[in-house]
Amino acid sequence: MELASIRQSLSLMNISNPISGEWYVAAHLPKDIGKIELKGFVDKCFYLFQPQMYVRRLVNVPILQPRTPLRQKVSPTDMTAHFKIFIPEYTMQLVIQLRNCTSNNPAEKGCPVNLLIGSESLPVSHLVTINCNESKICTQVLNSPPWMKRIQVAVKSRNANEITSFEIESSLTVCTPAPAGISRTMLNNFTLLANITQFLNGKGVSMKEHGINLLNNGKSCFRNHPIIRDAMDIASVRFLLLLGPNVTVTSESPAVLILNLNTGRDNGGSIIVDLALNKSFLPNKNATVFACLSAGSPAMSLNITSMTCHSDFSLGYLIKMNSTVRRAALRVPYPETDRWFLTLQARRP
């Protein structure tokens, strides 16, 4: 926001469906480039900055349970139906579907609503919007949703004078990690037991009982490397690999490192990532190692044709290394207070 003139003393911003977490407001006074000053002879100007925030919360929001359809409606008096869904750890895919859509307008061929998934954030939006007007069944598949968080879902009417009834259902696909350090043969044949449990709403429950799908029948799809968080002083922290400084990167499955910056003491500052490729362990000189730093969840599908990596809810930071460029560094100022994920995977030409 920018105040257009000195007479404008008030500026307002409205953000609907804001992403949960800490928000910051900062004021900057631009320099007057065309003004000539003599040092010591000009009084400095001081401005009083007084921010105010108003929050309106939704209450009694229905919770979407996996594979449990809910029947709802939107009308001229209540044009938006709100829901929320909890995303457990290791979730690779979220599917939201609207079906059995009916309207009091017989001329409607599809479902005259918009499906909104996620939250607003600045400067990049985390909100996914789908127009369901073309079909009676509206399905959206989202990859790598943020782990251990509640995602907002809303269905908004496109016509103010119509009553639209619909059925909404969600499904989750979860992939469990393989421990780091196992051999490639074990990795290809690693199968988890059927009674896998995960924490939903703070309680250990069976995934199958709650309709959560297991990716590849429970086979692991990435390797999780344990990390130690070392607080060096009151203003800095570093992360150390529990099994040593080296990480084995393969093309079969990515390696994931979890960096916890959500302790309540990690506001501001910068994330600095320094990676070095061990030349002696690079059997294929033409291979490339890709690394993606992302918040909320790991980016499992790296876009190797561009310099970006992202999920459907957030952007990440991509690093490329090969036999020519064997060292790379990344600095991210003012990172989100969240769990960050460093995903590494090799690609062969």
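Residues numbered from 1 in each chain as written. Predicted model: local features only at pLDDT ≥ 70, side-chain atom pairs only at ≥ 80, totals over all residues. Heavy atoms only, no water.

Peer 1: What is the right way to read the overall build of the protein chain from this model?
Peer 2: Each helix and strand counted, the protein chain has one helix and 22 strands in total. If you take every contact in the protein chain between residues at least 6 apart in sequence, the share linking residues at least 24 apart comes to 75%. In the form shown here, the protein chain has an accessible surface area of approximately 22,100 Å², with 53% of it arising from carbon and sulfur atoms. (Helix = DSSP H or I, 4+ residues; strand = E, 2+ residues; numbered from the N terminus. Contact = heavy atoms within 4.5 Å. Areas by Shrake-Rupley, 256 points an atom, 1.4 Å probe, with all protein chains shown as cover.)

Peer 1: Teacher, can you tell me more about the pairing of strand E4 (residues 113-119) here?
Peer 2: When a strand is regular, its side chains alternate between the sheet's two faces. Within E4, seven of the seven residues are buried, which leaves it mostly tucked inside the rest of the structure. Two strands pair when backbone bridges link them, and E4 and strand E7 (residues 149-157) are joined in this way by five bridges, in the antiparallel orientation. Note that in E7 the partner of Leu115 across the bridge is Val155. Bridge count for E4 against strand E5 (residues 126-131) is six bridges, and the pairing is antiparallel. What sits directly across from Leu116, in E5, is Thr129. (Buried < 20%, exposed > 50% of the residue type's maximum accessible area, 1.4 Å probe, protein only. Pairing = 2+ DSSP bridges.)

Peer 1: Would you explain the environment of Ile234 in this entry?
Peer 2: Take Ile234: it is sitting in the loop between strand E14 (227-233) and strand E15 (236-241). What makes Ile234 exposed here is its relative accessible area of 88%. Sequence separation between Ile234 and Arg265 is 31 residues, and the spatial gap between their C-alpha atoms is 8.9 Å.

Peer 1: What am I meant to see in a nonpolar patch on the surface here?
Peer 2: A cluster of nonpolar side chains, Ile228, Leu240, Leu242 and Leu243, forms an exposed patch at the surface whose accessible area comes to about 370 Å². Looking at the secondary structure, you find Leu243 in the loop between E15 and strand E16 (255-260). Look at Leu243 and you get exposed, because its relative accessible area is 60%. (Patch = residues over 30% accessible without salt bridge, like charges linked within 9 Å, V, L, I, M, F, W, Y side chains within 5 Å. Salt bridge = Lys/Arg side-chain N within 4 Å of Asp/Glu carboxyl O.)

Peer 1: Quick question: what am I supposed to make of the sheet that holds strand E2 (residues 80-87) here?
Peer 2: Within a sheet, neighbouring strands are paired by backbone hydrogen bonds and run either parallel or antiparallel to one another. Ordered in space as E2-E7-E4-E5, the four strands form an open sheet in which the pairing is antiparallel. The two strands at the open ends of the sheet, each matched to only one other strand, are E2 and E5. Strand-to-strand twist across the sheet, computed as the mean angle between neighbouring axes with direction ignored, equals 20 degrees. (Axes fitted to C-alpha atoms, helices over the stretch in contact; angles between N-to-C directions.)

Peer 1: So what exactly am I meant to see when it comes to the state of the cysteines here?
Peer 2: What we call a disulfide is simply a covalent bond connecting the sulfur atoms of a pair of cysteines. Scanning the entire structure with this criterion turns up three disulfides. Two residues share a disulfide in this structure: Cys101 and Cys111, whose sulfurs sit 2.1 Å from each other. The disulfide joining Cys101 to Cys111 has a torsion of about 75 degrees about its S-S bond and is therefore right-handed. Within this pair, whereas Cys101 is found in strand E3 (residues 91-103), its partner Cys111 is found in the loop between E3 and E4, the two being separated by ten residues in sequence. Looking at Cys101, the relative accessible area reads 4%, which means it is buried. Disulfide partner of Cys132: Cys138, at an S-S distance of 2.1 Å. (Disulfide = S-S within 2.5 Å.)

Peer 1: Teacher, can you tell me more about unusual backbone geometry here?
Peer 2: If a residue is not glycine, its phi is most likely negative; likewise, a peptide bond is most likely trans. The phi dihedral of Asn100 falls on the positive side, at around 50 degrees, and the residue is not glycine. When you line up the elements, Asn100 lands in strand E3. Within the chain, Ser144 stands out as a residue other than glycine whose phi angle is a positive 55 degrees. Ser144 gets classed as buried once you look at its relative accessible area, which sits at 6%.

Peer 1: Just checking my understanding: could you explain the nonpolar core for this structure?
Peer 2: Soluble globular proteins tend to bury their nonpolar side chains together. Core analysis: the largest hydrophobic core is formed by 26 residues, its most contacted members being Leu98, Leu115, Ile117, Val153, Phe166 and Ile168. Listing elements by their share of this core, those giving two or more residues are E2, E3, E4, E5, strand E6 (138-143), E7 and strand E8 (164-174). Dropping the residues within four chain positions of it, Leu115 is found in contact with Ile96, Leu98, Val128, Thr129, Ile130, Cys132, Gln140, Val153, Ala154 and Val155. (Core = buried A, V, L, I, M, F, W, Y, C linked by side-chain atoms within 4.5 Å.)

Peer 1: Honestly, the pattern of salt bridges in this entry has me stumped. Any pointers?
Peer 2: Here the idea is simple: oppositely charged side chains can pair when their charged atoms come close. Applying the stated criterion across every chain yields a total of six salt bridges. Where Arg99 meets Glu167, a salt bridge forms, and the shortest distance between an N and an O atom there is 3.0 Å. Residue Arg99 is located in strand E3, and its partner Glu167 is located in strand E8; the two are separated by 68 residues in the primary sequence. A residue is classified by how much of its surface remains accessible, and Glu167, at 18% relative accessible area, is buried. Where Asp274 meets Arg327, a salt bridge forms, and the shortest distance between an N and an O atom there is 3.0 Å. Of this pair, Asp274 sits in strand E17 (residues 270-276) while Arg327 sits in strand E21 (residues 327-333), and the two are 53 residues apart along the sequence. Take Asp274: its relative accessible area is 45%, and that puts it in the partly exposed class.

Peer 1: What is the right way to read the pairing of E15 from this model?
Peer 2: Pairing of E14 with E15, which is carried by six bridges, proceeds in the antiparallel orientation. Residue pairing for E15: Arg229 is matched across the bridge by Phe239. The antiparallel hairpin formed by E14 and E15 contains two residues in its connecting segment.

Peer 1: How should the confidence of the model for the protein chain be read in this particular structure?
Peer 2: Fine structural detail should not be taken from predicted coordinates in areas where pLDDT scores are low. Of the residues in the protein chain, 75% reach a pLDDT of 70 or more, and the chain-wide mean stands at 77. Low confidence marks residues 182-209, where pLDDT is under 50. Its contacts with residues over four positions away, or in another chain, come to 47 contacts. (pLDDT = per-residue confidence, 0-100.)

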